[in-house]
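# Structure assessment
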Amino acid sequence: MAFSDKTRADYQNELGALKDAGLFKEERFIHSPQSSEIVVEFPAGSTTKKVINMCANNYLGLSSHPEVVQAAHNGLEVRGYGMSSVRFICGTQDIHRQLEQKLSEFLGAEDTLLFPSCMDANAGVFEAVLTDKDVMIADRLVHASIIDGMRLCKAMQDSFKHSDMAHLEEKLQEHQDKRWRMVITDGVFSMDGDIAKLDTIVELADKYDAMVFVDDSHSSGFIGKTGRGTHEHCGVFGRIDIITTTLGKALGGASGGCVSGRRELVEMCRQKARPYLFSNSVPPVIVAGALRVIDLISQTTERRDKLEWNTKYWRKMLTDIGLDIKAGDSPIVPVMLYNAKLAQDFARDLFTEGIYAIGFFFPVVPKGQARIRTQLSAAHNKEHLDLAGEAFRKVGAKYGILGKGKKEIIEMFGM
Ligand SMILES: *Cc1c(COP(=O)(O)O)cnc(C)c1O
């Protein structure tokens with residue numbers, strides 16, 4: 001028998017080691033729709049508790065918005081539950097194409113192709129458009145799904161130091177002998193919440209004849225004056241060759257992703273991208289909901305404006321309290337704790353105080369950079385944020401870290 005007692009014991013040891021190192025992840029069961037207030041069962045088996053949610057990617061508060069839910073209901077009624085097919089066999093409805101056209105318009109792209117998820121979009125796109133004559137030059141902090149996608153592609157892989165434009169320029173010079181160069185970056189970096197220097201990246205790409213790829217999963221719908229994304233924020237709208245993004249965050253939060261960009265590049269994905277060819281279509285209910293989402297956020301910037309206000313208020317409050325946060329403009333606000341166990345304990349105590357936030361640690365962030373990543377939503381009101389701030393102050397005081405910086409926290413708790 002392959003899965004012998006010895007095999008089982010080995011895996012148990014490995015899982016035990018994760019627990020001992022404070023690196024073991026546990027799910028919390030949510031007994032309510034996704035929102036700024038949720039009902040949570042944690043630990044498993046305990047009675048449920050209503051808490052303020054500070055860690056969803058529900059940036060615009062649309063995950064359970066009544067108009068989106070209603071549109072999804074309608075989609076279910078008129079186009080059914082599932083497609084039972086990949087897109088190119090019999091999985092494309094009129095509404096799939098409509099959504100692709102709306103996304104193109106919203107993102108300022110020539111064409112768009114839906115994928116089951118952005119993870120799938122990233123898994124398929126590089127292999128579909130690049131060959132072994134080309135090079136991919138990626139920021140060193142790009143999302144895991146981009147790294148996986150690059151691994152599946154035969155083009156040469158290279159990287160530049162995080163947001164280091166001088167280093168990127170060196171790499172572009174070094175690779176002038178390749179057929180195509182593609183600069184690859186996240187728009188907003190998911191762990192630190194900082195924004196890529198897309199204006200400089202586009203300038204360098206022009207100078208050294210390179211294409212630009214941006215994953216705007218943590219930006220689409222709310223970064224930039226009208227929420228189009230980091231290209232709008234950085235003044236390079238319409239100049240990005242490939243944008244990938246997700247419908248699983250601000251844009252309704254269900255699931256699905258896309259590749260948007262130059263017509264020919266999108267067409268290459270339609271012909272060759274494996275997750276597009278070999279995985280099921282986004283279901284009609286989600287397509288219908290997402291169509292409504294794009295309408296809602298195209299009509300008014302009210303939600304992204306509210307999110308911006310919440311973000312400023314929250315950043316100032318945590319700073320005034322004396323917590324060590326990563327500076328920036330995005331609604332991703334990491335509270336740095338450096339030590340994995342401290343991050344876990346801190347999150348548990350916040351939960352006791354009625355605040356839901358999760359400790360992040362290796363391998364999700366580098367060793368010694370454990371943190372609690374807080375995320376704002378347009379669905380938060382001022383009272384939510386005041387209550388959450390009070391809880392952070394109380395728990396921060398308990399561990400004696402208020403007013404302390406990186407060096408002191410590491411001295412107290414280790415890395
Ligand atoms: C969340 C995220 C993804 C994955 O999106 P899914 O649609 O959930 O697969 C990809 N890239 C980045 C940068 C993300 O933050």
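For every chain, the first residue of its written sequence is number 1, and the numbers climb from 1 along that sequence. Given that the model is predicted, a residue must reach a pLDDT of at least 70 before its local features are reported, and side-chain atom pairs must reach 80 or more before they are shown or counted; all residues, however, enter totals for whole chains, interfaces and linings. Hydrogens and waters are ignored; side-chain quantities use all the structure's heavy atoms.

On to the site of the ligand. Lining the immediate environment of the ligand, one finds 13 residues, of which C118, D215, H218, T246 and K249 sit closest. Polar contact criterion, stated in full: a pair of N or O atoms within 3.5 Å, where within protein one must be able to donate a hydrogen and the other to accept it, and residues adjacent in sequence count only if both atoms are side-chain atoms. Contacts to the ligand include H143, whose side-chain N or O atom sits 3.3 Å from a nitrogen atom. Between a nitrogen atom of the ligand and a side-chain N or O atom of D215, the distance comes to 2.6 Å. Protein contacts shield 82% of the accessible area of the ligand, which totals 380 Å² for the unbound molecule. It is helix α5 (residues 118–129) that provides the largest number of residues to the shell around the ligand, a total of three residues. In this count, Pro and Cys sit with the nonpolar residues alongside Ala, Val, Leu, Ile, Met, Phe, Trp and Tyr, while Asp, Glu, Lys and Arg are called charged and the others, Gly among them, polar. Across the shell around the ligand, the residue classes tally to two nonpolar, eight polar and three charged. Any residue with a heavy atom lying within 4 Å of a molecule or strand is counted as near it. Each accessible area is a Shrake-Rupley estimate made with a 1.4 Å probe; only the visible protein chains count as cover when residues are assessed. A run of DSSP states H or I qualifies as a helix once it reaches four residues; a run of E qualifies as a strand once it reaches two. Both are numbered from the N-terminal end.

The next point concerns the sheet that holds strand β4 (residues 111–115). A pair of strands counts as paired when DSSP detects no fewer than two bridges linking them. Read from one edge of the open sheet, seven strands run β4-β10-β9-β8-β7-β5-β6, paired in mixed fashion. In this open sheet, the two edge strands, each paired with only one partner strand, are β4 and β6 (156–160). The sheet shows a mean angle of 20° between the axes of neighbouring strands, direction not considered. Of the strand pairs in this sheet, strand β8 (residues 211–215) and strand β9 (residues 242–246) are connected by three bridges, and their pairing is parallel. Pairing of V214 across the sheet is with I243, part of β9. Of the strands in this sheet, β4, β5 (135–139), β7 (181–186), β8, β9 and β10 (257–261) touch α5, which is tilted by about 160° from β9. Angular values range over 0 to 180 degrees, each being the angle between N-to-C directions of two axes fitted as lines to C-alpha atoms, with helices fitted over their stretch in contact. Here, residues are in contact when the closest pair of their heavy atoms is within 4.5 Å.

Turn by turn, an α-helix covers 3.6 residues, leaving residues three or four places apart pointing in a common direction. Remark: exposure states derive from per-residue accessible area (1.4 Å probe, protein chains only) relative to the maximum for the residue type, with buried under 20%, exposed over 50%, and partly exposed in between. Here helix α7 (residues 165–174) has its buried residues at M165, H167, L168, K171 and L172. Buried residues of α7, seen end-on, are gathered within an arc of 155° and therefore sit on one face of the element. Those residues of α7 that are buried are in contact with β5, β6, β7 and α8 (198–207). Directions are taken from the helix axis to each C-beta atom, and the arc is the one they span.

Here the focus is the pattern of salt bridges. Salt bridge, as applied in this entry: a Lys or Arg side-chain nitrogen positioned within 4 Å of an Asp or Glu carboxyl oxygen. Tallying each qualifying case throughout the model produces 34 salt bridges. Residues K326 and D192 are paired through a salt bridge, measuring 3.8 Å at the closest nitrogen-oxygen approach. Of the two residues, K326 sits in the loop between α13 (302–321) and β11 (332–338) while D192 sits in the loop between β7 and α8, which places them 134 residues apart along the sequence. A salt bridge links D192 to R371, with the shortest nitrogen-to-oxygen separation between them at 2.6 Å.

A few words now on the sheet that holds strand β1 (residues 29–30). Across the sheet, which stays open at both edges, the four strands sit in the order β1-β2-β3-β12 with mixed pairing between neighbours. In this open sheet, the two strands that pair with only one neighbour each are β1 and β12 (355–356). Where β1 lies against strand β2 (residues 37–41), two bridges are found, and the strand directions are antiparallel. Looking at the pairing, F29 lines up with E41 of β2.

On the secondary structure map, G252 appears in the loop between β9 and β10. It is 8.2 Å that separates the C-alpha atoms of G252 and H65, two residues lying 187 residues apart in sequence. If we ignore the near neighbours within four places in the chain, the residues touching G252 are L62, S63, L247 and V293.

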